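Per-entry structural report
Given next are the chains, with one letter for each unit.
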Amino acid sequence: MTRAPYAADPVATRGREFESRSGAERAEVRGPRSEFQRDRDRIIHSMSFRRLKSKTQVFIAPDGDHYRTRLTHSLEVAQIGRVLARALGLDEDLTEALCLAHDLGHPPFGHAGEAALSEAMERHGGFCHNAQTMRTLMRLESPYPEHDGLNLTWDLLEGLAKHNGPIIAPNWALAELDAEFPLDLGSWPSLEAQVAAVADDIAYDNHDIDDGLRAGFLGLDELLELDFLDRQWRAVEKRFPNAPRERQLRELVRDQIGLMVNDVLEHTRDNLRGIASVDEVRGSNKQLAGFSPAFAAQERTLKTFMYDKLYYHPEQVEAAARARDVVARLFAAYSQDHRLMPAEWQDRLPKDDPKRSRAIADFIAGMSDRFAIRACGEIYGEMPQGLSNV
């Protein structure tokens, strides 16, 4: 595949935070991979990535095997991201790495867990899952003898830090990391990062519909109140009039993903006219990869619908409240008695705040849903109930 002039180039990467003393010898032993391929592989082999298999996407600790988790969601985002990157001539490996890593900072129970940690950490600088992703990759996930973190490329870290656009006022976690390894937070990121962000939107917009229908939280009649979905549904029925309803619904989701992908490609190509380098992408002062204005308005309507009908469904709200309570109780327990934490966390726990509370938040943020539920039960003598509603 021909690399577009505005694509990130692994040969021209701005490097890694830590230079390895044995890097040349190790590279020869471990195969002919580009710098961005190494980033992707380090992420896939990390413990943080494996823990995503038991972290909430939409439904908390689901009993069914067919509901999405943060891990399966991340894989689906990567698939869509690779399609977009290939069609645009971007670096697929960097795009894939960004997609796979984008949710590593999510605590147990998704946004409910994040809300609880944000409240618990209010006096200590707060908590943000995107900054926690950076903290996880740059400091917490440390399998190498020579340095903390996974020591990923500047290009990968820059893209993760600001995949949703420039950051003018970073929180404490991102500010600390940026001070030690500057990521040019005030500019737009690479196209690979912008593509990863829109791939995330496409994936969860549509796959959450799939899971919501499966769980019975969404109904087809409700979905068809949206004109653009109604048109798609009528077309599916016309093409497959005798297919079972379940297969028709999955076809609807596939069609909607295809429409979104094609819109992003067309609009992004229009925006890239006259752009001749990755530096021009970063200096463009606007988002280049994304939906057209008309489709963006449609996508916002879909998001509003999903919040009203699925994310804020009464059963979801009730389960989220119980999940927040679990995280709050864990934070309180560890703050009062650090001996409840594993020995390796006790040994390196700072004595004073805010660093002490931030380390406790690090420990909780790394938990899976099931681990958090079990830990809370062991500490308080009673297993939390009512957390899984599917």
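Our subject in this report is the structure included herewith.

Rules used in this analysis
- Residues numbered from 1 in each chain as written.
- Predicted model: local features only at pLDDT ≥ 70, side-chain atom pairs only at ≥ 80, totals over all residues.
- Heavy atoms only, no water.
- Phe/Tyr/Trp six-rings, centres within 6.5 Å; stacked < 30°, edge-to-face > 60°.
- Helix = DSSP H or I, 4+ residues; strand = E, 2+ residues; numbered from the N terminus.
- Buried < 20%, exposed > 50% of the residue type's maximum accessible area, 1.4 Å probe, protein only.
- Lys NZ or Arg CZ within 6 Å of the ring centre and 35° of its normal.
- Axes fitted to C-alpha atoms, helices over the stretch in contact; angles between N-to-C directions.
- Parallel < 35°, antiparallel > 145°, perpendicular 65-115°, else oblique.
- Left-handed = near helix turned anticlockwise from the far one by under 90°.
- Contact = heavy atoms within 4.5 Å.
- Nonpolar A, V, L, I, M, F, W, Y, C, P; charged D, E, K, R; others polar.
- 1 Å grid on protein atoms, 1.4 Å probe; cavity = no way out; pocket = protein on both sides within 12 Å on 5 of 7 lines; lining within 4 Å.
- Points joined across faces, edges and corners; volume = space filled by probe spheres on them.

Our next topic: the packing of aromatic side chains. Think of a pair of aromatic rings as described by two things: how far the centres are apart, and how the planes are tilted against each other in angle. As enumerated under the stated definition, the model contains 7 aromatic pairs in all. Relative to Tyr311, the ring of Tyr307 has its centre 4.8 Å away and its plane inclined at 75°; by these criteria the two rings are edge-to-face. Of this pair, Tyr307 and Tyr311 both sit in helix α15 (residues 293–311), 4 residues apart, which is roughly one turn of that helix. Seen from their ring centres, Trp345 and Phe363 are 5.2 Å apart, and the 50° between their planes marks the pair as tilted. In this pair, Trp345 sits in helix α17 (residues 343–347) while Phe363 sits in helix α18 (residues 355–365), placing the two residues 18 residues apart along the sequence. Looking at Phe363, the relative accessible area reads 9%, which means it is buried. Here a set of aromatic residues connected by ring pairs shows up, and it is made of Phe59, Tyr67 and Phe217. Looking at Arg329, its charged tip hangs above the ring of Tyr380, at a distance of 4.0 Å from the centre. Sitting over the ring of Trp345, Arg348 keeps its end group 4.4 Å from the ring centre.

This brings us to the packing of helix α7 (residues 129–140) against helix α9 (residues 172–180). Their axes nearest at 8 Å, the elements α7 and α9 cross at an angle of 40°. As far as their axial angle goes, α9 and α7 are oblique. The way α7 lies across α9 gives a crossing that is left-handed. For the pair α7 and α9, the contacting residues are Ala131, Met134, Arg135, Met138 and Arg139 in the first and Trp172, Ala173, Leu174, Glu176, Leu177 and Glu180 in the second. Taken together, the residues that form the contact of α7 with α9 break down as 7 nonpolar, no polar and 4 charged.

In this structure the tally under the stated criterion is 2 cavities of 30 Å³ or more. When its volume is computed, the largest cavity comes out at roughly 60 Å³. At the level of secondary structure, the elements contributing two or more residues to the lining of the largest cavity comprise α8 (154–161) and α10 (191–215). Tallying contributions element by element places α10 first for the lining of the largest cavity, with 4 residues. For the lining of the largest cavity, the class distribution of residues is 5 nonpolar, 3 polar and 1 charged. Around the second largest cavity, the lining residues are Glu17, Phe18, Met138, Asp148, Asn151, Leu152 and Leu157.

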